[in-house]
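The lines below spell out each chain.
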Amino acid sequence: MTPDKMIWASEQPARRNLVVVGGGFAGCALARSLARDLPEGVRLLLLSEESYTTFNPLLAEVIGASIFPEHVVAPLRQVVRPSDRTQFVMGRVEAIDLAAGSLACHTLAGPITLAFDQLVLAVGNRARTDFLPGLAEHALPIKTVGDALEIRNVVLRRLAQIELESDVAVRAELGHFVIVGGGFSGVEVAGELADFLRSVRTYYPRVRLEELTVSVVQNQDRLLPELPPSLGEAARRSLERRGVKCLLKTGAAEATAHGLALSTGERLRARTLIASAGNRPQGLVERLDLELSRGRILVNPDFSVPGFDGLWAIGDCASVVNSWDEQPCPPTAQFAVRQGAHVADNLRAVLASQPTRPFRYRPRGQLATVGRLSGVAAVFGYRLSGLLAWLLWRAFYLSQMPTAGRKLRLWAEWTWAMLFSADITHFRFGRSMADD
């Protein structure tokens, strides 16, 4: 297909083309809602670089081998079933021409151009590793399934290295795992990692438990600053019971191959750094001439982008004020799902020449796990910690998993992990190569 060939071009002017870029929580919720009740004369196209959507809050459980990696993803073709008026395209957007109503995209079939009447950006954001010297070179981000698998592989390699190492100082470095950031991702990774190390150590008899340390470096005075202080304190206590060291009010100064230099002048000796703090805009967002707020596209209360007819932004890439409390919406899965459904209604209104509605949503609450069988939650004004909060967390994400079959698979895997020890398979991905 040549670059000047347009998919869904204007040869059928009675049809209006709605393109959603991004297959995360927001983009999927929008596409699913629209596909169920697509207005007559409208065609829907979902465009994503990946063929699946990732349930990012479950990535910590991939690291801890509580679930297999394929259980944290869902194929986009199951989310939006292709039909004569719906289509999924796996491709990367290279450029957007807002004036012409088209975007250039690189797909498996080569470069193509897509025409649109309404364009929704739901591209999320990417891990930021440039806020600290050396972090990009020496830390492992946690943003994708590949990141989670790489962290688990590194952890298993460290345990194998310790068994073969005789130098006490080197063994201590190899067994120290430092997590930069004490937000949701950092706390959940710390809890899962601590439980994983304790579970799999039995397979490494030459590694002593006291040689394995997990540390969380947080520059604020408590963990989980998005939650009430009492829950942040509950999370800290739960982590410390697992042997995790929580370094609060401690800034990081520099990352190296042998550890993390702190703002206090202290140095944490460690071979494994995990970066859970910081996000930055996707390259596509950075290339557009749009007004940003902390790396997110500033949008109107109905999610339309000011000054550009037919352009919308939702999810983690958008900055919108929730009219329920007049506060900016946090970049969480709960809000992304609700935003997707809301924008679907607004798009139907626009296509029917009716007024749109500002976003108004009363959040159900926020939840986080702190290792196996433990969590914290603020739900409808109630504050919970321990087993009940952990069960609520799992129930919520199980409910968001598309199709009954995938829900059953995830539930079965969770049940299996509670009854049996963690998997210690070291995965290597790549095709076989012929011998030289």
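Above this note sits the structure.
Residues numbered from 1 in each chain as written. Predicted model: local features only at pLDDT ≥ 70, side-chain atom pairs only at ≥ 80, totals over all residues. Heavy atoms only, no water.

Draft legend 1. The side chain of Glu-211, seen in detail. Along the chain, the position of Glu-211 falls in the loop between helix 7 (184-200) and strand 13 (213-217). Assessed through its relative accessible area of 10%, Glu-211 is described here as buried. A distance of 2.6 Å separates the side chain of Glu-211 from the side chain of Arg-171, its partner in a polar contact. Each residue touching Glu-211, except ones within four places of it in the same chain, is listed here: Ile-162, Arg-171, Gly-175 and Arg-206. (Helix = DSSP H or I, 4+ residues; strand = E, 2+ residues; numbered from the N terminus. Buried < 20%, exposed > 50% of the residue type's maximum accessible area, 1.4 Å probe, protein only. Polar contact = N/O pair within 3.5 Å; in protein donor to acceptor, adjacent residues only side chain to side chain. Contact = heavy atoms within 4.5 Å.)

Draft legend 2. Spotlight on the packing of aromatic side chains. On inspection of all chains with the given rule, the structure shows 8 aromatic pairs. Ring centres of Phe-335 and Tyr-361 lie 5.4 Å apart, and the angle between their planes is 90°; on these two criteria the pair is classed as edge-to-face. Taken as a pair, Phe-335 in helix 10 (residues 333-351) and Tyr-361 in the loop between helix 10 and strand 26 (365-369) lie far apart in primary sequence, 26 residues in all. Across the pair, Tyr-361 and Phe-335 agree in class, each one buried. Each member of the aromatic cluster is reached from another via a ring pair, and the members are Phe-303, Phe-335, Phe-359 and Tyr-361. (Phe/Tyr/Trp six-rings, centres within 6.5 Å; stacked < 30°, edge-to-face > 60°.)

Draft legend 3. Structural detail: the nonpolar core. Ranked by internal contacts, the top residues of the largest apolar core, which has 123 residues, are Leu-58, Leu-103 and Leu-121. If you look at the next biggest cluster of nonpolar residues, it comprises 13 residues, including Val-180, Ala-255, Leu-260 and Leu-273. (Core = buried A, V, L, I, M, F, W, Y, C linked by side-chain atoms within 4.5 Å.)

Draft legend 4. Representation of the sheet that holds strand 27 (residues 375-379). Here we have 3 strands laid out as an open sheet, ordered 26-27-28, and antiparallel in their pairing. Each edge of the sheet is formed by a strand with only one pairing partner; in this case those strands are strand 26 and strand 28 (382-386). Averaged over all adjacent pairs, the angle separating strand axes in this sheet is 5°, with direction ignored. Bridge analysis of strand 26 against strand 27 gives 5 bridges, and the strand direction is antiparallel. (Pairing = 2+ DSSP bridges. Axes fitted to C-alpha atoms, helices over the stretch in contact; angles between N-to-C directions.)

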